[in-house]
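Coordinate inspection notes
So you can see what is in the structure, the chains are spelled out below.
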Amino acid sequence: MTHPRHLIPLLLLLAVPGKADAESPVHAGAAYIVDLLGVVDGGRQRGHAAEGRADAWIDVDGTALGMEGVTVHIDAMAIHGPDFSGAKANTYQVLSNVEAGTFAHLNEAWAEWQATPGLAVKAGLIDLNSEFDVTETASLFLNSAHGIGPEFSQSGANGPSIFPRTATAVIVRGQSGRKNLRLGVFDALAGSRAEPLRAALRLPGTTGALLVAEAELPLGKGQVQFGGWHYTNHFDAVTEGGAPAVSQGAYAMVEGPVTHAIAAWLRVGVADQRANPIASYVGLGLTTEQMGWTFGAALARAALSRPARDAAGDDPALRKAETVFEFTAARAVRPYLLLQPDVQYVVHPSWDATVPNAFVAGLRIKLSWPAK
């Protein structure tokens, strides 16, 4: 675990004046996001918190160094903040996608080779959600469910290779026009075996493998996505005493413009109920740009599996789904500064009817360098 003082070297990069040089083979950048959140009503208890994430990254174009078609990327990350979603709001779906405790580590370190215009291979420490299950329209929102579906993010012994813990992987990406196919092999365990919060570089498959495949096809001016995932190793069954079970699932998404001013998406996902407590997920929403602001409204619904409900016994307070409504607005007030007020309303937090529905208000502040 890392003290917040280790954020300082990353944050100092934000203050360094710089000018991008298109001819340079090396490009660097940094960003800091802080979400100020408070439970206004309901939930487990009133309270507030600051959740933050700082990143500093460097990209190297290998062409200028004699490595034609090769790009190297390194990203160091530090995060800080308490358990707000669980301890205060009592939610399963995390209310801030930068909330994950307090520590610092190497987030990504990979090399990509563009073998042909339509074929690329990437290998190293990779965030799965940078390549798979990406919904561009939903990236506006704070709730983590709109980044990667909770039916997928729940999987694995330490989660799949996503924020805040990544794993080594090899990804092959093929493209023909607007058609894309991605295949990935990730190590099944994100983070170190001894210390899960530390990054670990090992051959993918060392602790078992997470196999992911995704196809992306054009649909009018938008796109449709189909994906599936499967772990080669088995996990403890949700049902006590049950045989070790396979963890796997699938998802589908459609997104694109509805009118010239409105974009929308719909995503559904399912997971094997034998190994995963969340059986299904539905996320949807829309965004629009007006008067320099980007406005958005979204819904995220995570449903418990039948084995998970049976394991809880005859609890009359247990509900089938936790549903989050989110309304947000974002504006870049300076080239380097974005402000984003946000409200979320959670129905049946953590599927528990004894906990009042939670109303959470927040403000995201994002600093970026170089300024956009």
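Reading the values: rules and limits
Residues numbered from 1 in each chain as written. Predicted model: local features only at pLDDT ≥ 70, side-chain atom pairs only at ≥ 80, totals over all residues. Heavy atoms only, no water. Helix = DSSP H or I, 4+ residues; strand = E, 2+ residues; numbered from the N terminus. Rg over C-alpha atoms; globule rule 2.2 N^0.38 Å. Buried < 20%, exposed > 50% of the residue type's maximum accessible area, 1.4 Å probe, protein only. Contact = heavy atoms within 4.5 Å. Areas by Shrake-Rupley, 256 points an atom, 1.4 Å probe, with all protein chains shown as cover. Lys, Arg positive; Asp, Glu negative; His and termini not counted. Charge placed at Lys NZ, Arg CZ, Asp CG, Glu CD. Salt bridge = Lys/Arg side-chain N within 4 Å of Asp/Glu carboxyl O. Phe/Tyr/Trp six-rings, centres within 6.5 Å; stacked < 30°, edge-to-face > 60°. Core = buried A, V, L, I, M, F, W, Y, C linked by side-chain atoms within 4.5 Å. pLDDT = per-residue confidence, 0-100. Pairing = 2+ DSSP bridges. Patch = residues over 30% accessible without salt bridge, like charges linked within 9 Å, V, L, I, M, F, W, Y side chains within 5 Å.

1. Topic: the overall build of the protein
When helices and strands are counted, the protein shows four helices and 16 strands. A globule of 372 residues ought to have a C-alpha radius of gyration of about 21 Å, and the protein, at 21 Å, matches this closely. Principal-axis analysis of the C-alpha atoms places the extent of the protein at approximately 65 × 50 × 45 Å. Classification of the 372 residues of the protein by burial places 46% in the buried group. Restricting to contacts in the protein with at least 6 residues of sequence separation, those with at least 24 account for 61%. Within the structure as shown, the protein displays about 17200 Å² of accessible surface, and the carbon and sulfur contribution to it stands at 62%. Across the protein, the centroid of the 28 positively charged side chains sits 3 Å from that of the 35 negatively charged ones.

2. Some thoughts on the pattern of salt bridges
Enumeration according to the criterion identifies 15 salt bridges in this entry. When the shortest N-O distance is used, the salt bridge between Glu 151 and Arg 267 registers 2.7 Å. Remark: Arg 267 occurs in strand β11 (residues 262-271) and Glu 151 occurs in helix α3 (residues 150-153); sequence separation between them is 116 residues. Comparing Glu 151 with Arg 267 shows no difference in burial state: the two are buried. The network of salt bridges with shared partners includes Glu 112, Lys 122, Glu 131, Arg 173, Arg 182, Glu 214 and Glu 216.

3. Considerations on the packing of aromatic side chains
The full count for this structure, using the stated rule, is eight aromatic pairs. For the pair Phe 132 and Phe 186, a centre-to-centre distance of 6.2 Å together with 75° between the ring planes defines the contact as edge-to-face. Of this pair, Phe 132 sits in the loop between β5 (119-126) and α3 while Phe 186 is found in strand β7 (residues 179-187), placing the two residues 54 residues apart along the sequence. Both residues of the pair, Phe 132 and Phe 186, belong to the buried class.

4. A look at the nonpolar core
Leu 128, Phe 132, Phe 152, Phe 186, Leu 210, Val 212 and Trp 229 are the most contacted members of the largest nonpolar core, which has 18 residues in total. Within the residue set of this core, elements represented by two or more residues are β6 (167-176), β8 (209-219) and β9 (222-235). Among the elements that line this core, the one with the most residues is β9, at three residues. If near-sequence neighbours (up to four positions away) are discounted, Phe 186 is found in contact with Ile 126, Leu 128, Phe 132, Ser 161, Thr 168, Ala 169, Ile 171, Pro 204, Gly 208, Ala 209, Leu 210 and Val 212. Judged by nonpolar contacts, the second largest core, of eleven residues, contains Val 39, Leu 95, Val 324 and Ala 358.

5. What to know about the confidence of the model for the protein
Averaged over every residue, the pLDDT of the protein is 91; the share at 70 or more is 94%. In the model, residues 1-20 has pLDDT below 50 throughout and makes 31 contacts with residues more than four positions away in sequence or in other chains.

6. Topic: the pairing of β7
Where β6 meets β7, eight bridges bridge the pair, whose relative direction is antiparallel. Bridge pairing in β7 links Gly 174 to Leu 181. Here β6 folds back onto β7 in antiparallel fashion, the turn holding two residues, of which Gly 177 has a positive phi close to 65°. Where β7 and β8 come together, eight bridges link them in antiparallel fashion. Bridge assignment links Phe 186 to a residue of β8, and that residue is Leu 210.

7. Observations regarding a nonpolar patch on the surface
Together, Val 40, Phe 325, Phe 327, Tyr 345 and Phe 359 give the surface a local cluster of nonpolar side chains, amounting to about 420 Å² of exposed area. Among the structural elements, Phe 359 can be located in strand β16 (residues 358-369).

8. Side note on the pairing of strand β13 (residues 293-304)
Taken together, the twelve bridges between strand β12 (residues 278-290) and β13 define a ladder with antiparallel strand orientation. Across the sheet, the residue bridging to Gly 283 is Ala 300, located in β13. Hairpin connection from β12 to β13: two residues lie between these consecutive antiparallel strands, with Met 291 at a positive phi of about 55°. Note: β13 against strand β14 (residues 321-334), ten bridges, orientation antiparallel.

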